[in-house]
Amino acid sequence: MSATFETRLADLGVTLPDAPAPAANYVPYVVVGDIVYVSGQISNGPDGLITGKLGADMGTEAGAFAARSCAISLLAQLKAACGGDLDRMVRVIKLTGFVNSTAEYTEQPKVINGASDFLVEALGDAGRHARSAVSAAALPLGVAVEIEGIFQIK
């Protein structure tokens, strides 16, 4: 690969923020050997938390944007876990996405595609991953999406 991951992100107009601090009694990530487990990252945009309930007051496209914001926060946490060197990442292993949605809403996979599509666009084949996309009756602080991730590093 000729370009670094951060160069590829910059080409997409994305600068990783500082890794968000945990909001409760947990750590933002745990490194076990060459695996990094990143705690759930909630949807947060330039104007603050991205809140809403899919199927009620938020559409799928807006939900996908919220999921993309979670992916950016996941990468920020991963960068912190790698001592500031995102190029230590080997691949994204798995995402688990939670979508704040009504009982009738069934497009959770399309919402979490916002994160999956972004990671593949930004990281190429290293961004391809296994995934779950599930509905949640509510999420912390009323956010639309929360995503946790598992990554392999070197």
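To be clear, the structure that these remarks concern was listed above.
Treat the numbers as computed from the prediction; the structure is a model and nothing was measured.

S.K.: Please provide a residue-by-residue account of the overall build of the protein, values included.
M.R.: For the protein, the helix and strand inventory stands at three helices and seven strands. Taken from the N to the C terminus, the helices and strands of the protein come in the order α-β-β-β-β-α-β-α-β-β. Computed over its C-alpha atoms, the radius of gyration of the protein comes to 15 Å, within 12% of the 15 Å expected for a compact globule of 154 residues. Its C-alpha atoms give the protein principal-axis dimensions of about 45 × 35 × 30 Å. Here the protein, with 154 residues, has 45% of them falling under the buried criterion. Considering only contacts in the protein between residues 6 or more positions apart, those separated by 24 or more positions represent 80%.

S.K.: So what about helix α2 (residues 60-81)? Which residues, and what values?
M.R.: Its 22 residues give α2 an end-to-end C-alpha distance of 31 Å, which sits within 8% of 32 Å, the value for a rise of 1.5 Å per residue. The buried count for α2 comes to 16 of 22 residues, which makes it a mostly enclosed element. Backbone geometry just after α2 places Gly83 at a positive phi near 65°.

S.K.: Provide a residue-level description of the sheet that holds strand β6 (residues 130-136), including the pertinent values.
M.R.: With respect to topology, five strands assemble into an open sheet ordered β1-β2-β7-β5-β6, the strand pairing being mixed. In this open sheet, the two strands that pair with only one neighbour each are β1 (29-32) and β6. Strand-to-strand twist in this sheet, taken as the mean axis angle between neighbours without regard to direction, amounts to 15°. In terms of strand pairing, strand β5 (residues 89-100) meets strand β7 (residues 145-153) through nine bridges, oriented antiparallel.

S.K.: Describe the nonpolar core, naming the residues involved and giving the relevant values.
M.R.: One finds Leu75, Leu78, Phe118, Leu123, Val145, Ile147 and Phe151 to be the most contacted residues of the largest nonpolar core, which totals 38 residues. Ranked by residues supplied to this core, first place goes to α2 with nine residues. Beyond its immediate stretch of four places on either side in the chain, Ile147 contacts Ser39, Gly40, Gln41, Ala67, Cys70, Leu74, Leu95, Thr96, Gly97, Ile112 and Ala115.

S.K.: Please give an account of the packing of α2 against helix α3 (residues 108-123) that cites residues and values.
M.R.: Between two packed helices, both the angle of their axes relative to each other and the distance between the axes serve to describe the pair. Remark: α2 packs on α3, axes separated minimally by 7 Å, with the N-to-C direction vectors making an angle of 45°. Between α2 and α3, the interaxial angle falls into the category oblique. The crossing of α2 and α3 is right-handed. Taking contact as the criterion, the partners of Thr60, Gly63, Ala64, Ala67, Arg68, Ala71, Ile72 and Leu75 in α2 are, on α3, Lys110, Val111, Ile112, Gly114, Ala115, Phe118, Leu119 and Leu123. In terms of residue class, the contact of α2 with α3 is built from 11 nonpolar, three polar and two charged.

S.K.: Outline the environment of Tyr29, supporting the account with residue identities and numerical values.
M.R.: Structurally, Tyr29 can be placed in strand β1. Tyr29 gets classed as partly exposed once you look at its relative accessible area, which sits at 27%. In this structure the C-alpha to C-alpha distance between Tyr29 and Gly40, which are 11 residues apart in sequence, comes to 9.2 Å. Excluding anything up to four places from it in sequence, Tyr29 contacts Val36, Tyr37, Val38, Ser39, Gln77, Ala80 and Ala81.

S.K.: An account of unusual backbone geometry is requested, with residue identities and associated values reported.
M.R.: Excluding glycine, most residues fall at negative phi; most peptide bonds, likewise, are trans. One non-glycine residue, Leu141, lies in the positive phi region at around 60°. Following the sequence through the fold, Leu141 ends up in the loop between β6 and β7.

S.K.: Could you give an account of α3, naming the residues involved and the relevant values?
M.R.: Note: α-helices contain 3.6 residues per turn, so residues at a spacing of three or four share the same orientation. Here α3 spans 23 Å end to end across 16 residues, near enough to the 22 Å set by a 1.5 Å rise per residue. Within α3, the axis deviates most sharply at Gly114, by approximately 35°. All of the buried residues in α3 are Gln108, Val111, Ile112, Gly114, Ala115, Ser116, Phe118, Leu119, Ala122 and Leu123. One or two positions beyond α3, positive phi appears at Gly124, with a value near 65°.

Cut-offs applied
- Residues numbered from 1 in each chain as written.
- Predicted model: local features only at pLDDT ≥ 70, side-chain atom pairs only at ≥ 80, totals over all residues.
- Heavy atoms only, no water.
- Helix = DSSP H or I, 4+ residues; strand = E, 2+ residues; numbered from the N terminus.
- Rg over C-alpha atoms; globule rule 2.2 N^0.38 Å.
- Buried < 20%, exposed > 50% of the residue type's maximum accessible area, 1.4 Å probe, protein only.
- Contact = heavy atoms within 4.5 Å.
- Expected span 1.5 Å × (residues − 1).
- Pairing = 2+ DSSP bridges.
- Axes fitted to C-alpha atoms, helices over the stretch in contact; angles between N-to-C directions.
- Core = buried A, V, L, I, M, F, W, Y, C linked by side-chain atoms within 4.5 Å.
- Parallel < 35°, antiparallel > 145°, perpendicular 65-115°, else oblique.
- Left-handed = near helix turned anticlockwise from the far one by under 90°.
- Nonpolar A, V, L, I, M, F, W, Y, C, P; charged D, E, K, R; others polar.
- Bend = angle between axes of the 7 residues up to and from the residue.

By themselves, these figures tell us nothing about what the structure is for.
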